[in-house]
Amino acid sequence: MKELKEYYKRADKYSSAVSLLYWDMQTYMPKDAGHYRAEVISEIGTYFFKIMVDDILGRLLETAQPQNEIEEKIVSVGKREYYKYKKVPPDLFQEIMITSTMLEQKWEVAKPNGDFGEVMSLLEKLIELTRRYADILGYEDERYNALLDLYEPGMKAKEIEQIFSNVKIFTLKVLEKVESLPKFEDPFDREISVDKQKEFNNWLLHYLKYDFNKGRLDVSTHPFTNPIGLNDVRITTRYIVNDIRNSIYSTIHEFGHALYALSIPTEFYGLPIGSSASYGFDESQSRFWENIVGRSLAFWEGIYGKFVEVIPEMKEYTVEELWRAVNRVQRSYIRTEADEVTYNLHIIIRFEIERALINGELSVKDIPDRWNELFKKYVGLEVPNNTLGCMQDPHWYGGNFGYFPTYALGNLYAAQIYEKLKETIDFDNTVRNGDFEIIKEFLREKIHSKGKMYEPAELIKLITGEPLSHEPFVKYIKEKYSKVYGLEI
Ligand code: MG
């Protein structure tokens, strides 16, 4: 066991180096350094991959003698990952890395003009490689499940399809009701300088007690959280001058991810159980803080005083008016700007398309048409171009198939966790008073302290006593939006 742990901790240092290089690439790296940086990352990344499938690690895993539950989990999670990746020829792994890096760069150039023809042939190649990769990893029922398993261990496409179909029906009903109401004025439709936004966002992180001795707040085009090493989990946000909501909610979202990473027990660090349970669970923590805490009236009652002190022109609005304005529901094109009600529709479209692509039921050239057709059907808008359509997100062009559903799963886990939390504390009062330690303690005990010891299906059951369900989400949305809109949703 001792040798096994040391092996993992040594290997993790390469992964940590890659994380730092990546963070720098997204924040401060000079623009022209991108090509070489991609080579460095690919070189160290491939080396890390080789260490993680080395025969020595296999022998250590097979001969280890775990003495307790934690050590048993280190071995079982370690074996699961080792034997999965061991099957993948390093050549295929490297070809996928190179193709996706090239495609991502092509996509960045082609995206502003929505030129899908520019990315088509490389995307075809990447999907072909990804299908081969999935076949090697192995799966039950359908090929897409092999990829889903990389992000949400144990989850099956059929199960997601069932849950999503319930979410879809409910969401469409809510949308119809909300749209029959008169639109209210948007207090946030104004310019607020980056300096003021920075001041408020920094205050916000102190208010939430983000530990600046173990992290930083910087700026990037797409906000992200990067666990770089032990006691080093950095977050970014972005400042849009004419909508301060964007920075506020990006910051709170990433804070939720960072809190998870920082609360995993130090003794798990670098080991197979030393990360979040799944991508969906990780997203449940960011969405919990962003939406359930950060978009609640109680939270706005707590921050209102500081908000109007930093931005005095907002004084003319009441706290209820501001709270309503951060919760407006509307049909929109861009996933990352969608409200928490319509957000899942954006995910369902992507899930249906990527599942069909990987399973061989849809060809790459038909992506834009299928996208626009589904968008019209679910979100109810005609997509004017691919920039606002199938080329808006980096995931497919970076080779991340099977990732999208975890965003919506995160919303559902979050609501289910919230329902449980409310049984033990007075949520509104706690949030209003800024007593976040009580909430953090609950999350730490039930989720963060477990690291990756359990698969998401086991973990949600351990926390709530129930399997994953769309019902707590439906209940949460109904209660909240009935108040936001002053009519029964
Ligand atoms: Mg996130």
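Basis of the calculations
- Residues numbered from 1 in each chain as written.
- Predicted model: local features only at pLDDT ≥ 70, side-chain atom pairs only at ≥ 80, totals over all residues.
- Heavy atoms only, no water.
- Helix = DSSP H or I, 4+ residues; strand = E, 2+ residues; numbered from the N terminus.
- Rg over C-alpha atoms; globule rule 2.2 N^0.38 Å.
- Buried < 20%, exposed > 50% of the residue type's maximum accessible area, 1.4 Å probe, protein only.
- Areas by Shrake-Rupley, 256 points an atom, 1.4 Å probe, with all protein chains shown as cover.
- Lys, Arg positive; Asp, Glu negative; His and termini not counted.
- Charge placed at Lys NZ, Arg CZ, Asp CG, Glu CD.
- Polar contact = N/O pair within 3.5 Å; in protein donor to acceptor, adjacent residues only side chain to side chain.
- Contact = heavy atoms within 4.5 Å.
- Phe/Tyr/Trp six-rings, centres within 6.5 Å; stacked < 30°, edge-to-face > 60°.
- Lys NZ or Arg CZ within 6 Å of the ring centre and 35° of its normal.
- Donors = N, O, S within 2.8 Å, 3.2 Å for Na, K, Ca; no water.
- Salt bridge = Lys/Arg side-chain N within 4 Å of Asp/Glu carboxyl O.
- Expected span 1.5 Å × (residues − 1).
- Bend = angle between axes of the 7 residues up to and from the residue.
- Arc of directions from axis to C-beta.
- Core = buried A, V, L, I, M, F, W, Y, C linked by side-chain atoms within 4.5 Å.
- 1 Å grid on protein atoms, 1.4 Å probe; cavity = no way out; pocket = protein on both sides within 12 Å on 5 of 7 lines; lining within 4 Å.
- Points joined across faces, edges and corners; volume = space filled by probe spheres on them.
- Nonpolar A, V, L, I, M, F, W, Y, C, P; charged D, E, K, R; others polar.

A. Focus on the overall build of the protein chain. In terms of regular secondary structure, the protein chain is built from 20 helices and three strands. On C-alpha atoms alone, the protein chain measures out to a radius of gyration of 22 Å, which is about the 23 Å that the 2.2 N^0.38 rule sets for 489 residues. Principal-axis analysis of the C-alpha atoms places the extent of the protein chain at approximately 65 × 50 × 45 Å. Counting the 489 residues in the protein chain, one finds 56% classified as buried. Looking at the protein chain as shown, the accessible area adds up to about 21,700 Å², and 49% of this sits on carbon and sulfur atoms. For the protein chain, the centre of its 63 positive side-chain charges and the centre of its 78 negative side-chain charges are spaced 1 Å apart.

B. Inspection of the side chain of Glu 71 at higher detail. Checked against the element boundaries, Glu 71 lands in helix H4 (residues 69-86). At 3.1 Å, the side chain of Glu 71 forms a polar contact with the side chain of Lys 5. Setting aside chain neighbours within four positions, we find Glu 71 in contact with Met 1, Lys 5, Gln 65 and Pro 66.

C. Layout of the packing of aromatic side chains. Here the structure, examined in full by the defined rule, presents 37 aromatic pairs. Both rings, one in Phe 49 and one in Phe 93, keep their centres 3.9 Å apart while their planes meet at 10°; by these two values the pair is stacked. Separated by 44 residues along the polypeptide, Phe 49 in helix H2 (residues 34-52) and Phe 93 in helix H5 (residues 90-110) bring together distant segments of the chain. Here the two residues Phe 49 and Phe 93 agree in accessibility, since each one is buried. Between Arg 234 and the ring centre of Trp 23, over which it is positioned, the NZ or CZ distance is 4.5 Å. Over the ring of Tyr 343 we find Arg 287, and its NZ or CZ is 4.2 Å from the ring centre.

D. Examining the side chain of Ser 284 more closely. Tracing the chain through its elements places Ser 284 in helix H11 (residues 279-293). From its side chain, Ser 284 meets the backbone oxygen of Phe 281 in a polar contact 2.6 Å long. With sequence-adjacent residues up to four places away left out, Ser 284 is seen in contact with Gly 410, Tyr 413, Ala 414 and Ile 417.

E. Representation of unusual backbone geometry. Not every positive phi belongs to a glycine, and Asp 141 is a case in point at roughly 65°. On the secondary structure map, Asp 141 appears in the loop between helix H6 (116-137) and helix H7 (144-151). The phi dihedral of Lys 209 falls on the positive side, at around 60°, and the residue is not glycine. Looking at the secondary structure, you find Lys 209 in the loop between helix H9 (194-207) and strand E1 (217-219).

F. Main features of the coordination of the magnesium ion. The magnesium ion binds to the protein through His 253 (NE2), His 257 (NE2) and Glu 283 (OE); the donor distances cover 2.3 Å. Expressed as a motif, the donor residue spacing for the magnesium ion is H-x3-H-x25-E. You can see His 257 sitting in helix H10 (residues 244-263) and its partner Glu 283 sitting in helix H11, a full 26 residues away along the chain.

G. How the structure looks around the pattern of salt bridges. Counting across every chain of the model gives 39 salt bridges. In this structure, Asp 366 engages Lys 365 in a salt bridge whose closest nitrogen and oxygen atoms are separated by 3.4 Å. Residue Lys 365 is classed as exposed on the basis of its relative accessible area of 53%. The salt bridge involving Glu 382 is made with Lys 376; its shortest N-O contact spans 3.6 Å. Since its relative accessible area comes to 40%, Lys 376 is described here as partly exposed. One connected set of salt bridges, linked through shared partners, spans Arg 80, Lys 84, Asp 149 and Glu 455.

H. Representation of helix H12 (residues 297-310) within the structure. Here H12 contains 14 residues, and its C-alpha end-to-end distance of 19 Å stays within 8% of the 20 Å for a straight helix at 1.5 Å per residue. Along its length, H12 shows its largest kink, about 50°, at Ile 303. Within H12, burial applies to Ala 298, Phe 299, Trp 300, Ile 303, Tyr 304, Phe 307, Val 308 and Val 310. Those residues of H12 hidden inside the fold are in contact with H9, H10, H11, helix H13 (319-325), helix H17 (427-432) and helix H18 (436-446).

I. The arrangement of helix H19 (residues 456-464) in detail. Buried within H19 are the following residues: Pro 456, Leu 459, Ile 460, Ile 463 and Thr 464. End-on view of H19: buried residues confined to an arc of 105°, all on one side of the axis. For H19, exposure combined with an orientation more than 90 degrees from the buried face picks out Ala 457 and Leu 462. The first or second residue beyond H19 is Gly 465, which carries a positive phi of 80°.

J. Focus on the nonpolar core. Residues Phe 288, Trp 289 and Phe 307 are the most contacted members of the largest nonpolar core, which totals 156 residues. If sequence neighbours within four positions are ignored, Trp 289 has contacts with Leu 208, Ile 252, Phe 255, Gly 256, Leu 259, Gly 294, Phe 436, Ile 439, Lys 440 and Leu 443.

K. Just the layout of surface pockets, in detail. Its boundaries defined by the atoms lining it, the second largest pocket holds a volume of some 340 Å³. Lining the second largest pocket are 16 residues, with Ser 296, Tyr 418, Asp 428, Lys 480 and Lys 483 sitting closest to its centre. Elements with a minimum of two residues in the lining of the second largest pocket: H11, H12, helix H16 (405-424), H17 and helix H20 (471-485). With four residues, H20 is the largest single contributor of residues to the lining of the second largest pocket. Residues of the lining of the second largest pocket, tallied by class, amount to seven nonpolar, two polar and seven charged.

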